[in-house]
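Coordinates in review
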Amino acid sequence: MENVIEFREWGPLGTNGLPLKRRKGETYQAFLNALRSLGYTVEDRVLCAADYGDPTSRKRLFIRARKGNRKITWPEPTHSPRGEATLFGSPSQCPPAAF
């Protein structure tokens with residue numbers, strides 16, 4: 001599942017229709033717990049699209065859930081801002097957002 005990063009902060013609203021700061025994140029945690037109650041292993045991460053070759057620096061929340069004993073796997077970044085070498089090789093440089 002993909003969503004905005006702020007989804008992690010979702011919680012109940014007060015009588016004025018605004019989020020209750022002291023209960024920040026409760027609705028999000030309830031959502032994850034509902035998935036877990038159905039037998040899913042759940043992980044979430046914030047990933048930057050540019051790290052995977054998309055010409056934008058947008059960060060998004062990704063939630064992965066799976067049943068069974070297999071581990072949840074996440075993709076390795078294929079790009080970096082300057083294409084600098086890492087322990088795992090030299091990824092491509094991130095494409096510019098404007099051409």
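Along each chain, residue indices are assigned from 1 in the same order as the chain's sequence is written. In view of the model being predicted, local features appear only for residues whose pLDDT reaches at least 70, and side-chain atom pairs are presented and counted only at 80 or more, with totals across whole chains, interfaces and linings using the full set of residues. With hydrogens and water set aside, each side-chain value is computed from the structure's full complement of heavy atoms.

Turning our eyes to something else, we now look at the nonpolar core. Residue types Ala, Val, Leu, Ile, Met, Phe, Trp, Tyr and Cys, when buried and joined through side-chain atoms within 4.5 Å, form a set referred to as a nonpolar core. Burial classification: accessible surface area is computed with a 1.4 Å probe over protein chains only, and a residue below 20% of its type maximum counts as buried, one above 50% as exposed, and the rest as partly exposed. By size, the foremost hydrophobic cluster in this structure holds 7 residues: Phe 7, Tyr 28, Leu 32, Leu 35, Val 42, Leu 61 and Ile 63. For the purposes of this entry, the term helix denotes a DSSP run of H or I that reaches at least four residues, the term strand denotes a run of E that reaches at least two, and both are numbered from the N terminus. Among the elements of the structure, α1 (26-37) and β3 (59-66) are those that each provide at least two residues to this core. With 3 residues, α1 is the single largest residue contributor to this core. If we ignore the near neighbours within four places in the chain, the residues touching Tyr 28 are Phe 7, Arg 8, Trp 10, Asp 44, Leu 61 and Ile 63. Two residues qualify as a contact provided that any one of their heavy atoms is within 4.5 Å of a heavy atom in the partner residue.

Take the packing of aromatic side chains next. For Phe, Tyr and Trp, where Trp contributes only its six-membered ring, two rings pair if their centres lie within 6.5 Å, and the inter-plane angle classes them as stacked under 30 degrees, edge-to-face over 60, or tilted in between. As enumerated under the stated definition, the model contains 3 aromatic pairs in all. For the pair Phe 7 and Tyr 28, a centre-to-centre distance of 5.1 Å together with 75 degrees between the ring planes defines the contact as edge-to-face. Of this pair, Phe 7 sits in the loop between β1 (2-3) and α1 while Tyr 28 sits in helix α1, and the two are 21 residues apart along the sequence. Note on Tyr 28: relative accessible area 1%, which makes it buried. An aromatic cluster of at least three residues, connected via ring pairs, comprises Phe 7, Trp 10, Tyr 28 and Phe 31. The side chain of Arg 64 reaches across the aromatic face of Trp 74, ending 5.6 Å from its centre. Lying across the ring of Tyr 40, Lys 67 places its NZ or CZ 5.0 Å from the centre. Here, a charge over a ring means that NZ of Lys or CZ of Arg falls within 6 Å of the ring centre while also lying within 35 degrees of the ring normal.

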